[in-house]
Amino acid sequence: MDEEPGDEELMQRYRDGDAAAFETLYARHKGALYRYFLRQCGNEGLAEELFQDVWMKLIKARERYEPRARFGTWLYTLAHNQLVDHYRRSGNRAALHESTGRTDPETLPGAASETPDQRTHSRLLVERLLELLKGLPGPQREAFLLREEGGLGVEAIAVATGVSKETAKSRLRYAVRRLRDGLG
């Protein structure tokens, strides 16, 4: 049974000229990375622009890539820095921590076996979660999204956002607590 290569191996293959390795990395991470930007900035056009910019940076940096950390940590560090740079260039630094994303709960998949009542309940829960997510302070929202969308652990969140491990852990803990409390 062949195991699929890990992200770090795929990035090394891409660095060495394997275009198919890039396609696999892109397929694995495109949805989560786009949702990270959308929920951070709340603007589909801007999210798409930032998303494309990160992939272009990755392409340009491929020859220098060395797996010093998990690929996801490296990718979301690029994403975090791209978002910060955008708000610095736009002169709207406060927006980084005040931005929110939106998702239409009607477009989220449900289990095929759900009854109409269960689907309605699930939709209402998703709507409530998205509202609560919008209400989180920016650093807490980012830590939560990096964990949930990016699959990053506390140490990787700390690296990606340039804070200490304890700060990342606190932000994540407070975000989860606020979301749980808000969901009842």
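Predicted model, so just to flag it, every value in this text is computed and none were measured. (Residues numbered from 1 in each chain as written. Predicted model: local features only at pLDDT ≥ 70, side-chain atom pairs only at ≥ 80, totals over all residues. Heavy atoms only, no water.)

1. Considerations on the overall build of the chain
Stage number 1. Secondary structure summary: the chain contains nine helices and zero strands in total.
Stage number 2. Looking at the chain residue by residue over its 184 residues, the buried ones come to 38%.
Stage number 3. Across the chain, contacts joining residues at least 24 apart in sequence account for 66% of those joining residues at least 6 apart.
Stage number 4. On the chain, roughly 10500 Å² of surface is accessible, and the fraction owed to carbon and sulfur atoms is 48%. (Helix = DSSP H or I, 4+ residues; strand = E, 2+ residues; numbered from the N terminus. Buried < 20%, exposed > 50% of the residue type's maximum accessible area, 1.4 Å probe, protein only. Contact = heavy atoms within 4.5 Å. Areas by Shrake-Rupley, 256 points an atom, 1.4 Å probe, with all protein chains shown as cover.)

2. Some points on the confidence of the model for the chain
Stage number 1. Across the chain, pLDDT averages 84, with 83% of residues at or above 70.
Stage number 2. Here helix α5 (residues 95–98) stands out as the least confident element of the chain, with mean pLDDT 45; helix α1 (residues 7–15) is the most confident, with 95.
Stage number 3. A low-confidence stretch, residues 93–112 (pLDDT under 50), is modelled with 41 contacts involving residues beyond four sequence positions or located in other chains. (pLDDT = per-residue confidence, 0-100.)

3. Quick look at helix α7 (residues 138–148)
Stage number 1. Buried residues dominate α7, accounting for eight of its 11 residues.
Stage number 2. Of the positions making up α7, those classed as buried are Gly-138, Gln-140, Arg-141, Glu-142, Ala-143, Phe-144, Leu-145 and Leu-146.

4. As for a nonpolar patch on the surface
Stage number 1. A cluster of nonpolar side chains, Leu-125, Leu-129 and Leu-183, forms an exposed patch at the surface whose accessible area comes to about 220 Å².
Stage number 2. For Leu-125, the location among the structural elements is in helix α6 (residues 116–135). (Patch = residues over 30% accessible without salt bridge, like charges linked within 9 Å, V, L, I, M, F, W, Y side chains within 5 Å. Salt bridge = Lys/Arg side-chain N within 4 Å of Asp/Glu carboxyl O.)

5. Thoughts on the packing of aromatic side chains
Stage number 1. Tallied over the entire structure, the rule returns 11 aromatic pairs.
Stage number 2. Their ring planes at 75° and their centres at 6.2 Å tell us that Phe-51 and Trp-55 sit as a pair that is edge-to-face. Taken as a pair, Phe-51 and Trp-55 lie in helix α3 (residues 44–61) at a separation of four residues, close to a single helical turn. Take Phe-51 and Trp-55: they sit in the same class, and that class is buried.
Stage number 3. Its end group placed over the ring of Tyr-14, Arg-62 keeps NZ or CZ at 4.9 Å from the ring centre.
Stage number 4. In this arrangement the basic side chain of Arg-173 is found over the ring face of Tyr-174, its NZ or CZ atom lying 5.4 Å from the centre. (Phe/Tyr/Trp six-rings, centres within 6.5 Å; stacked < 30°, edge-to-face > 60°. Lys NZ or Arg CZ within 6 Å of the ring centre and 35° of its normal.)

6. Let's talk about the nonpolar core
Stage number 1. With 44 residues, the main nonpolar core has Leu-33, Tyr-36, Phe-37, Leu-58 and Tyr-76 as its most contacted residues.
Stage number 2. Every element with two or more residues in this core is listed here: α1, α2 (19–41), α3, α4 (71–90), α6, α7, α8 (154–161) and α9 (165–183).
Stage number 3. Residues contacting Leu-58, with those up to four places away along its chain left out, are Met-11, Tyr-14, Phe-22, Phe-71, Trp-74, Leu-75 and Leu-78. (Core = buried A, V, L, I, M, F, W, Y, C linked by side-chain atoms within 4.5 Å.)

7. Regarding the pattern of salt bridges
Stage number 1. Throughout the structure, instances matching the rule amount to 12 salt bridges.
Stage number 2. Its salt-bridge partner being Arg-28, residue Asp-7 comes within 2.7 Å of it at the nearest N-O pair. Taken together, the positions of Asp-7 in helix α1 and Arg-28 in helix α2 put the pair 21 residues apart, joining distant regions of the chain.
Stage number 3. You can call Asp-7 buried: its relative accessible area is 17%.
Stage number 4. The closest approach of N and O atoms between Glu-148 and Arg-147, which form a salt bridge, is 2.6 Å.
Stage number 5. Given the relative accessible area of 44%, Glu-148 is considered partly exposed.

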